[in-house]
Amino acid sequence: MAYRIPKKANRYQKPPCGNTLNMSDPLARGIKAAYLLNEGAGSKVINYAHAVNGVVATPTTSWGRGYGGSSYKGNGSNTYVTLGSSSTNPWLNIPGEMTIVSMINLTNTSSLGSICTDGASGYQWIFEANRQAGKISIGWTSNLWVYSTAALVANTWYTVGMTRSLSGCTYTASTWINGLFDNSGTTTTVPSSQQGSWIGRLSNSGQHFNGTIEYVYIWNRVLSSTEMLTIHEHPY
C-alpha cells in the first residue's frame, strides 16, 4: 500500500504499530479503512486511514504470527473485531462502489468464515471464505452470491479481493485472487446502509473466521486491475 515497504527474504515486512499512512500515495485515494492488524496485543486495532479504533472482542487470544509480522488470528468459534457502526465509524457507510483487499491464510477449507462484513437485518456487504469449500464469496442479498472460480488451499497465503461497481441500476460484484480478476455476478438489489462492521465474523450470527488475517483495506471506489495487482505485490 502507501507505506511501500519492500519484500525481504520472500516475506513482506509489515510496518510497526503506529506508523503513518501516506495519504498522498495514489493508492490512498478513496481509502476508508486500513487495518494492518499489527498491534500484537491488547484490545484495540487501528484504522490507519482515520483516527478510529476497532475493538477486539474475544475471550481468547486473537493475535499470532502472520506473513510479515503480527496479525489477527481467528479461532473459528469466538474471535472477531468490531469495527463500529454509523455513529462510531461512519467512513464504512459505503452502499455504492467499493473495494476490499485482504491477505488471508485458512486453517481449513470447510469452516465458513467471514473476512469482513457489514450488516445485521440487511447487509451492505459480506466478504467471506468457505461457503463453498476453499472459495471466497461476495453477497449482500439472497439473489446474489458470487463465488471465486479458484479454490484456496489451507495453510497457504493469498491476497483476496472484492470489488463492487455500479452502472445505471446494475451492481457488478467481482472476486479477485492474488491481484488478478477471478469471477463476477450482477444484481439490481441495492445494498443496505451501514448497520455495523466486523472483521472475522458475520454480525451476531457467527461465521467466525478460522485462520489468519494479515490486513484489511477498504475503499469507496473500484480499484483498477493494475492497482489490484500492485496491492498484491506491495501491500504496504
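Residues numbered from 1 in each chain as written. Predicted model: local features only at pLDDT ≥ 70, side-chain atom pairs only at ≥ 80, totals over all residues. Heavy atoms only, no water.

**Q** How should the overall build of the chain be read in this particular structure?
**A** A count of helices and strands for the chain gives 1 helix and 18 strands. Relative to a compact globule of 236 residues, whose C-alpha radius of gyration would be 18 Å, the chain shows 16 Å and is just as compact. In terms of principal-axis extent, the alpha carbons of the chain reach across some 45 × 40 × 40 Å. Here the chain holds 236 residues, and 54% of them are scored as buried. Put simply, 64% of the contacts in the chain that link residues at least 6 apart link residues at least 24 apart. (Helix = DSSP H or I, 4+ residues; strand = E, 2+ residues; numbered from the N terminus. Rg over C-alpha atoms; globule rule 2.2 N^0.38 Å. Buried < 20%, exposed > 50% of the residue type's maximum accessible area, 1.4 Å probe, protein only. Contact = heavy atoms within 4.5 Å.)

**Q** I'm lost on the side chain of Ser62 in this one. Help?
**A** Turning to its location among the elements, Ser62 is positioned in the loop between β5 (52-57) and β6 (63-65). Contacts of Ser62, omitting those with residues within four sequence positions, involve Val56, Ser71, Tyr72, Lys73 and Thr79.

**Q** What is the right way to look at the pattern of salt bridges in this model?
**A** Once their charged atoms are close, side chains differing in charge can pair, the charge on each being opposite to the other. Scanning all chains against the criterion turns up 3 salt bridges. Of the charged contacts, one joins Glu214 and Lys14 as a salt bridge, the two residues approaching to 3.8 Å between their closest N and O atoms. One end of the pair, Glu214, is in strand β18 (residues 210-219); the other, Lys14, is in the loop between β2 (11-12) and β3 (31-35), and 200 residues separate them in sequence. Ionic pairing is found between Arg131 and Glu128, a salt bridge with its closest N-O pair at 2.4 Å. According to the relative accessible area criterion, Arg131 is partly exposed, its value standing at 32%. (Salt bridge = Lys/Arg side-chain N within 4 Å of Asp/Glu carboxyl O.)

**Q** How do you make sense of the environment of Pro191 when you look at a structure like this?
**A** Tracing the backbone through its elements, the reader meets Pro191 in the loop between β16 (180-187) and β17 (197-199). A residue is classified by how much of its surface remains accessible, and Pro191, at 6% relative accessible area, is buried. Residues Pro191 and Trp91 lie 100 residues apart in sequence; the distance between their C-alpha atoms is 16 Å.

**Q** For this particular structure, what's the right way to read the state of the cysteines?
**A** By definition, a disulfide links the sulfur atoms of two cysteine residues through a covalent bond. Taken as a whole and assessed by the stated rule, the structure comprises 0 disulfides. Its sulfur unpaired, Cys17 is 19 Å from the next cysteine sulfur, which belongs to Cys116. With a relative accessible area of 0%, Cys116 lands in the buried category. (Disulfide = S-S within 2.5 Å.)

**Q** Would you explain the environment of Ser86 in this entry?
**A** For Ser86, the position within the fold is in the loop between β8 (80-84) and β9 (98-106). Spatially, the C-alpha atom of Ser86 lies 18 Å from that of Glu97, the residues being 11 residues apart in sequence.

**Q** Please explain unusual backbone geometry as it appears in this structure.
**A** In most cases, non-glycine residues show a negative phi, while peptide bonds are predominantly trans. One non-glycine residue, Leu37, lies in the positive phi region at around 55°. The topology assignment puts Leu37 in the loop between β3 and β4 (44-47). The phi dihedral of Gln207 is positive, around 55°, even though this residue is not glycine. Within the fold, Gln207 resides in the loop between β17 and β18.

**Q** I keep staring at helix α1 (residues 225-233) and nothing clicks. Help me out?
**A** Think of an α-helix as 3.6 residues a turn; residues three or four steps apart then line up on the same face. Taken as a whole, α1 has its buried residues at Glu227, Met228, Ile231 and His232. Mapping the buried residues of α1 onto a view down its axis gives an arc of 145°, with all of them on the same face. (Arc of directions from axis to C-beta.)

**Q** Help me understand the packing of aromatic side chains, please; the structure alone is not making it clear to me.
**A** A ring pair, where both rings are aromatic, is described by two values, the distance of the centres and the angle of the planes. Overall, the coordinates contain 6 aromatic pairs when judged by the stated rule. Seen in terms of ring centroids, Trp176 and Phe181 are 5.7 Å apart; in terms of plane orientation they differ by 80°. Their pairing is edge-to-face. Take Phe181: its relative accessible area is 48%, and that puts it in the partly exposed class. An angle of 75° between the planes, with centres 6.0 Å apart, marks the rings of Tyr217 and Trp219 as edge-to-face. You'll find Tyr217 and Trp219 in the same group, each marked buried. (Phe/Tyr/Trp six-rings, centres within 6.5 Å; stacked < 30°, edge-to-face > 60°.)

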